[in-house]
Amino acid sequence: AVGFVQRFAIGPSLMDRWFGFSEAWYRVPSLIAAAGAVLAMAWIARRLIHPQAGWFAALGCFSMGGINAEAVDARPYALGMLVAALSVVFVIRWLDRARVADAALFILFAALLWRTHLVYWPFYLVFPLYAGARLLKKETPAGRLDAVTVFAVLGLTLIPVGLRAFELMRGAAAHVIVPPPTLRN
């Protein structure tokens, strides 16, 4: 599986094969991912806020420095934003319809999120909080057993990444170049 991903993933090696070495082309996958994240955010806004809120959310995303900065970065942060946004899209769809396909896509994208970059681990708090709120308000056809099953499967998929993260954490202090932020920060 790793060989397949390395061979066909949109990243520097693929861009090298298609266009040769080019700093500009290395940023194209991030631009595509950031655009996809903005589209997903527009869908989320239309679903959760108002049917006409999508354009406002997209405009807000484009005006945020973080989205713009990551869109031109060759590192995987824009891809992480896209994967996080798609995870939210599919948890919403799963809770709206209780369809197995939506639950599977949620698990897929949520499992990929931490694999995209380890900095996205706090985002995993969003999923159970949102699902728990929908279940408590009885605003979903999905039941508690469905939720427990989906989150258990997701948890199992994250075990290898968690074990690797704990291995990396042992040597993390060697890579710190600034002091940790204070509570005020």
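Relevant structure appears above.
Source: prediction; values computed, not measured.

S.K.: Please explain the environment of R46 as it appears in this structure.
M.R.: Locating R46 in the fold gives a position in helix α4 (residues 28–48). Note on R46: relative accessible area 38%, which makes it partly exposed. On a C-alpha basis, the gap between R46 and A57 in space is 8.6 Å, while along the polypeptide they are 11 residues apart. Beyond its immediate stretch of four places on either side in the chain, R46 contacts P51, A53 and G54.

S.K.: Looking at this structure, I do not really get the nonpolar core. What am I missing?
M.R.: A general tendency of soluble globular proteins is for nonpolar side chains to be buried together. In this structure, V91, W94, F106, Y124 and F127 are the most contacted members of the largest nonpolar core, which totals 44 residues. Every element with two or more residues in this core is listed here: α4, α5 (54–63), α7 (77–97), α8 (100–116), α9 (126–136) and α10 (144–170). Element by element, the count of residues in this core is highest for α7, at 14 residues.

S.K.: So what exactly am I meant to see when it comes to unusual backbone geometry here?
M.R.: It is generally the case that most residues other than glycine have a negative phi and that most peptide bonds are trans. With phi around 60 degrees, A98 is a residue other than glycine that occupies positive phi space. Relative to the helices and strands, A98 resides in the loop between α7 and α8. If you check the backbone angles, K138 has positive phi at about 55 degrees while not being a glycine. Positionally, K138 belongs in the loop between α9 and α10.

What counts, and where the lines are drawn
Residues numbered from 1 in each chain as written. Predicted model: local features only at pLDDT ≥ 70, side-chain atom pairs only at ≥ 80, totals over all residues. Heavy atoms only, no water. Helix = DSSP H or I, 4+ residues; strand = E, 2+ residues; numbered from the N terminus. Buried < 20%, exposed > 50% of the residue type's maximum accessible area, 1.4 Å probe, protein only. Contact = heavy atoms within 4.5 Å. Core = buried A, V, L, I, M, F, W, Y, C linked by side-chain atoms within 4.5 Å.

Read these as layout, nothing more, since geometry by itself doesn't imply function.
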